[in-house]
Amino acid sequence: MSAYTIIVPDNAVLQRVCGTNDSNLKLIETFLGVPVFACGNELSVDNCSAETEGRFRFIVERILDEIACGDGEITDTDLIQSILNTEAPVSLQERRSGDTHALFDRCSILIPGGVRKVYPRTKGQASLVHLMRSFDMVIAEGPAGSGKTFLAVAEALRLVLSHQVKSIVLSRPVVEAGESLGFLPGDLQEKINPYIRPLYDSMNALLPRETVRKMVESGVVELAPLAYMRGRTLSNCAIILDEAQNTTREQMKMFLTRMGDDSKVFVTGDLSQIDLPRRVPSGLEEAMRILSGVPGIAVHRMKTDDVVRNPLVKRVIEAYDREEEA
């Protein structure tokens, strides 16, 4: 048993952490099962286990990060959500190791030079982060807004900027969503940019735009149309295939077999938004079925509960799901 103290920058910040009438502090105490003491500009817990200390540190530091990023007032709902996120998958070996700081840091993604620390906002997202750290090939399927692509981009940026891999390869199948765009002017880069734009948006949300531009210009970040991947071996890099529901069986097999030594592969997609011609099966759906249970490969399904965009997005998805079930 030990005592642990966190120093808060100033009293105004401490008041926001504690909440109105210490409402946030009471929620933290209820969750941890131990008293939390506020004195001066310090928050502390006493006579607690190493695991409780790790949870306390993670929760408070996350709230401080959110305040520093100017994301508005910390509400009870925000705090409860951050508490839930500490419940990431934990192996027996990890619990025995006693390294609680590393354990709870695994729930977050710290990108060197990044705009902010990235936290999973649901249990499903926390599980995805855990799988991306534990497996070299991860296939994540789920509804729009569940954070699968954003977290994959964040983890890839963490890997390359902490020098664990040398580059990032971003790819998407070039499939139009229900309408023909016709001839697109410009060189290959300009033609493919509209399809890769969502991945750019994720990077720009995580790093200064100038940093992203330099990484693309220097080749550290490569935008690779799926059609041009055949014959390549991608070593020592983080590879992301987004919108994978729009790959065919042949394309998916070709992509997955591009993986070289010391690489990570993240595949993301949404089986409810397939734009392939009718009667053409999705390569993502087939890959999930075939590769589920294969050693070294993780298949993860996100749920509607993992949607973290505008609350209306979750309602739209639920309404469509009910209609399909009916």
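The present account deals with the structure reproduced in this document. Please read all numbers here as calculations on a predicted model, not as lab measurements. (Residues numbered from 1 in each chain as written. Predicted model: local features only at pLDDT ≥ 70, side-chain atom pairs only at ≥ 80, totals over all residues. Heavy atoms only, no water.)

### Overview of the overall build of the chain
We apply this condition: Only DSSP runs of H or I with at least four residues qualify as helices, and only runs of E with at least two residues qualify as strands; both kinds are numbered from the N terminus onward. Exposure is judged per residue with a 1.4 Å probe applied to protein chains only, and the accessible area is read against the type maximum: over 50% gives exposed, under 20% gives buried, and values in between give partly exposed. Using a 1.4 Å probe, the Shrake-Rupley method yields the accessible areas, and only the shown protein chains count as cover for residues.
If you tally the helices and strands in the chain, you get 13 helices and nine strands. When each of the 326 residues of the chain is scored for burial, the buried share is 46%. Of the accessible surface of the chain, which amounts to about 16700 Å², a share of 51% is contributed by carbon and sulfur atoms.

### A closer look at helix H2 (residues 23-32)
Each α-helix turn comprises 3.6 residues. Residues three or four places apart therefore point the same way. Defined as follows: The arc under discussion is defined with respect to the helix axis, by the directions toward the C-beta atoms.
Regarding H2, the residues found buried are Asn 24, Leu 25, Ile 28 and Leu 32. Buried residues along H2 cover an arc of 100° about the axis, so they all sit on one side. Looking one or two residues beyond H2, the residue adopting positive phi is Gly 33, at roughly 80°.

### Notes on the sheet that holds strand E6 (residues 221-223)
Strands in a sheet are paired, the pairing made by backbone hydrogen bonds, and the direction either parallel or antiparallel. Quick note on the threshold: A pair of strands is labelled paired if DSSP reports no fewer than 2 bridges between them. To obtain each axis, a line is fitted to C-alpha atoms, and for helices this fit is confined to the stretch in contact; angles are then taken between N-to-C directions over 0 to 180 degrees. The criterion used for residue contact is that any of the two residues' heavy atoms lie within 4.5 Å.
Read across the open sheet, the six strands follow the order E6-E5-E7-E8-E4-E9; overall the sheet is parallel. Of all the strands in the sheet, the pair left with one neighbour each is E6 and strand E9 (297-301). Strand-to-strand, the axes of this sheet are offset by a mean angle of 15°, without reference to chain direction. Pairing analysis gives three bridges linking strand E5 (residues 167-171) to E6, with the strands arranged parallel. Residue Ile 168 lies in a different strand from E6, and its bridge partner there is Val 221. The strands touched by helix H8 (residues 148-161) are strand E4 (137-141), E5, strand E7 (237-241) and strand E8 (264-269); relative to E8, the strand with the most contacts, the crossing angle is about 165°.

### Some details on the pattern of salt bridges
Here is the rule: Here, a salt bridge means any Lys or Arg side-chain nitrogen found within 4 Å of an Asp or Glu carboxyl oxygen.
Within this structure, the stated rule accounts for 12 salt bridges. A salt bridge links Lys 264 to Asp 136; the nearest nitrogen and oxygen atoms lie 3.8 Å apart. Of the two residues, Lys 264 is situated in strand E8 and Asp 136 in the loop between helix H7 (123-134) and E4; the sequence distance between them amounts to 128 residues. Exposure remark for Lys 264: the relative accessible area of 12% places this residue in the buried category.

### Observations regarding the environment of Thr 149
Quick reminder of the rule: Any N or O atom pair separated by 3.5 Å or less is treated as a polar contact, with the protein-specific requirement of one donor-capable and one acceptor-capable atom, and with residues adjacent in sequence counted only for side-chain atom pairs.
Locating Thr 149 in the fold gives a position in helix H8. By relative accessible area, Thr 149 is classed as buried at 15%. Discounting chain neighbours no more than four positions away, the residues touching Thr 149 are Leu 199, Asp 242 and Thr 268. Of note is the side chain of Thr 149, whose polar atom sits 2.7 Å from the side chain of Asp 242.

### Topic: unusual backbone geometry
Of note in this structure, Asp 22 is not a glycine but carries a positive phi near 60°. Looking at the element boundaries, Asp 22 is found in the loop between helix H1 (11-18) and H2. For His 163, which is not glycine, the phi dihedral falls at a positive 65°. Looking at where His 163 falls in the secondary structure, it is placed in the loop between H8 and E5.

### Examining the nonpolar core
What counts is decided by this rule: We define a nonpolar core as any set of buried Ala, Val, Leu, Ile, Met, Phe, Trp, Tyr and Cys residues linked to one another through side-chain atoms lying within 4.5 Å.
Counting 35 residues, the largest nonpolar core has Met 132, Leu 157, Leu 170 and Met 203 as its most contacted members. The set of elements that each furnish at least two residues to this core consists of H7, E4, H8, E5, helix H9 (188-206), helix H10 (209-218), E6 and E7. Among the elements that take part in this core, H8 stands out by supplying eight residues, more than any other. Sequence-distant contacts of Leu 170, defined by excluding residues within four places in its chain, comprise Ile 196, Leu 199, Met 203, Val 221, Glu 222, Leu 223, Ala 224 and Ile 240. In this structure, Ile 139, Cys 237, Leu 284 and Ala 287 belong to the second largest nonpolar core, which totals 22 residues.

### Observations concerning the packing of H1 against H2
The criterion, for reference: We call two directions roughly parallel when the angle between them is under 35 degrees, roughly antiparallel when it is over 145, roughly perpendicular when it lies between 65 and 115, and oblique otherwise. Here the term charged refers only to Asp, Glu, Lys and Arg, the term nonpolar to Ala, Val, Leu, Ile, Met, Phe, Trp, Tyr, Cys and Pro, and the term polar to all other amino acids, Gly among them.
Contact geometry for H1 and H2: axes closest at 5 Å, N-to-C directions at 55°. Relative to H2, the element H1 lies oblique. Contacts from Arg 16, Val 17 and Cys 18 in H1 reach Ser 23, Asn 24 and Leu 25 in H2. Across the contact of H1 with H2, the residue classes break down as three nonpolar, two polar and one charged.

### A short note on the pairing of E8
Regular strands place side chains that alternate from one sheet face to the opposite one. Formally: Every crossover in which the path from the first strand over the helix to the second runs clockwise, viewed with the strands pointing away from the viewer, is termed right-handed.
Across the six residues of E8, six count as buried, placing the element largely inside the fold. In terms of strand pairing, E4 meets E8 through five bridges, oriented parallel. Paired with Val 138 across the bridge in E8 is Phe 266. The sheet contact formed by E7 and E8 spans four bridges and is parallel. Looking across to E8, one finds that Ile 240 is bridged to Phe 266. At this point the chain moves from E7, through helix H11 (residues 249-256), to the parallel E8, and the crossover so formed is right-handed.

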